[in-house]
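Here is how the chains run, residue by residue.
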Amino acid sequence: MTADGTLETTPAALEVHDVHKWYGAHRVLDGIDLTVRPGEVTVVIGPSGSGKSTLLRVINHLEKPEAGHVSVGGELIGVRRGSGGRLRELSERALLAQRSRIGFVFQNFNLFPHLTVLDNVAAAPVATGRLARPEARERARELLTRVGLGDRTDAYPRQLSGGQQQRVAIARALALRPGIILFDEPTSALDPELVGEVLSVIKDLATSGTTLVIVTHEIAFAREVADRIVFIDGGRIVEQGPPREVLDTPRHARTRDFLAKVL
Ligand code: ADP
Ligand code: MG
């Protein structure tokens, strides 16, 4: 049962509730509401500076919102309800445990340069005590095979192409079996000929039922994988819906203007 006595259904994979974020006097997120169901693939599009990265960073509490809150799998992120219902900050340790259930793939891969590919993927499950080192390495090998890098486990990141590094980063995000994976422009740092191999790995995840939130400018890809497209401008969701609606028959002039520039 929920607090108000209604019957509980499966919690949303992600719920962003009335989130506001400022940097100084600059309002970056202006009342974002977003619900993502388990297994759903949400693609977030919007102009540069519209708040897309900030939204992803608020979701895993790398940035604290000034107002509103985020839940993943029904659990508040970064805060808990104290007495009287007020939100209190979680301890750093509790926050780290929560973050380990939210995968994050960055634009610039962010791999550990001094670790092999295998250890990049095996590191977090060992560090968090989820797996013993031999099991973590075994699982890392499976994940690297899944992203097509089963033969590069002993390489160091600098020995790989950008597309290969990003596939390692995706394997690493999967290593903790997160309930949701957030991608922040995963292909925008890549040479054009390397984009396809990364998108194809993400597509595999999308069809395997993993819950994904993907910020990207790859509109053709978005059309193919998204259950829902969310268009953000000026820190607000301007419109959202299935790809056919948002991409082919956008209701707002701002969406049309943006699409005219990127398509
Ligand atoms: P997007 O990812 O859509 O390009 P961002 O979320 O990165 O947009 O940024 C939204 C706005 O917030 C931009 O105007 C950016 O300059 C500003 N911003 C982002 N991060 C910071 C920060 N750490 N300090 C101050 N301003 C920031
Ligand atoms: Mg960004």
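Residues numbered from 1 in each chain as written. Chains lettered and ligands numbered in written order. Predicted model: local features only at pLDDT ≥ 70, side-chain atom pairs only at ≥ 80, totals over all residues.

Turning our attention to the overall build of the chain. Counting its regular elements, the chain contains nine helices and twelve strands. Radius of gyration (C-alpha) of the chain: 19 Å, near the 18 Å computed for a compact globule of 263 residues. In terms of overall dimensions, the chain has C-alpha extents of about 50 × 50 × 40 Å along its principal axes. Within the chain, the proportion of its 263 residues that are buried is 38%. In the chain, once contacts between residues fewer than 6 apart in sequence are set aside, the share between residues at least 24 apart is 62%. (Helix = DSSP H or I, 4+ residues; strand = E, 2+ residues; numbered from the N terminus. Rg over C-alpha atoms; globule rule 2.2 N^0.38 Å. Buried ≥ 20, exposed ≤ 12 C-beta atoms within 10 Å, placed from the backbone. Contact = placed C-beta atoms within 7 Å.)

Close to ligand 1 lie Tyr23, Val28, Gly46, Ser48, Gly49, Ser50, Gly51, Lys52, Ser53 and Thr54, which account for all nearby residues. Top contributing element to the shell around ligand 1 by residue count: helix H1 (residues 52–59), with three residues. Broken down by class, the residue content of the shell around ligand 1 amounts to two nonpolar, seven polar and one charged. (Near = placed C-beta within 6 Å. Nonpolar A, V, L, I, M, F, W, Y, C, P; charged D, E, K, R; others polar.)

Of the two faces of strand S8 (residues 102–105), both are covered, the one formed by Ile102 and Phe104 as well as the one formed by Gly103 and Val105. Of the strand pairs in this sheet, S8 and strand S9 (residues 180–184) are connected by four bridges, and their pairing is parallel. Residue pairing in the sheet places Gly103 in a bridge with Ile181 of S9. (Pairing = 2+ DSSP bridges.)

Before going further, it helps to examine the sheet that holds strand S1 (residues 14–23). The sheet built from four strands is open, its strands ordered S2-S1-S4-S5 with antiparallel pairing. Two strands lie at the open edges of the sheet, namely strand S2 (26–36) and strand S5 (75–76), each paired on one side alone. As defined by bridge partners, strand S4 (residues 67–72) adjoins S5 across two bridges and the pair is classed as antiparallel. Paired with Val72 across the strands is Glu75, a residue of S5.

For the pair helix H3 (residues 117–127) and helix H4 (residues 133–146), interaxial distance at closest approach is 8 Å and the crossing angle is 130°. Taken as axis vectors, H3 and H4 run oblique relative to one another. Crossing of H3 over H4 shows right-handed handedness. Within the contact between the two elements, H3 uses Val117, Leu118, Val121, Ala122, Pro125 and Val126 and H4 uses Arg133, Ala136, Arg137, Arg139, Ala140, Arg141, Leu143 and Leu144. (Axes fitted to C-alpha atoms, helices over the stretch in contact; angles between N-to-C directions. Parallel < 35°, antiparallel > 145°, perpendicular 65-115°, else oblique. Left-handed = near helix turned anticlockwise from the far one by under 90°.)

Attention now goes to the UniProt feature "domain: ABC transporter" (unreviewed entry) in the chain. Following the UniProt record, one finds the feature "domain: ABC transporter" (unreviewed entry) at residues 14–259. Taken end to end, residues 14–259 is 37% helix and 27% strand, and its two terminal C-alpha atoms sit 26 Å from one another. (UniProt positions renumbered as here; feature names shortened; annotations may be inferred.)

Note on placement: Leu118 falls in helix H3. On the basis of neighbour counts, which here come to 21 C-beta atoms within 10 Å, the residue Leu118 falls in the buried class. Each C-alpha atom of the pair Leu118 and Gly209 lies 25 Å from the other, and the pair is 91 residues apart in sequence. Apart from the residues within four sequence positions on either side, Leu118 is in contact with Arg137, Ala140, Arg141, Leu144, Thr153 and Asp154.

Before going further, it helps to spend a moment on the nonpolar core. Membership of the largest hydrophobic core comes to 67 residues, with the highest contact counts inside it found for Val44, Ile59, Val121, Leu144, Ala171 and Ile229. Contacts of Val121, omitting those with residues within four sequence positions, involve Ala140, Leu143, Leu144, Val168, Ala171, Arg172 and Ala175. (Core = buried A, V, L, I, M, F, W, Y, C linked by C-beta atoms within 7 Å.)

For Phe109, which is not a glycine, the phi torsion comes out positive at approximately 70°. Considering the arrangement of structural elements, one finds Phe109 in the loop between S8 and H3. Residue Phe109 is classed as buried on the basis of its 22 C-beta neighbours within 10 Å. One non-glycine residue, Glu185, lies in the positive phi region at around 45°.

Hydrogen bonds along the backbone pair up the strands of a sheet, which may run parallel or antiparallel. One open sheet holds the six strands; their spatial order is S8-S9-S10-S3-S11-S12, and the pairing between them is mixed. Each edge of the sheet is formed by a strand with only one pairing partner; in this case those strands are S8 and strand S12 (236–241). Strand-to-strand twist in this sheet, taken as the mean axis angle between neighbours without regard to direction, amounts to 20°. Running at roughly 170° to S8, helix H5 (residues 162–174) makes contact with S8 and S9 of the sheet.

Of all residues in the chain, 97% have pLDDT values of 70 or greater, and the mean over the chain is 95. Both scores are available for the predicted complex, with the pTM at 0.94 and the ipTM at 0.98. (pLDDT = per-residue confidence, 0-100.)

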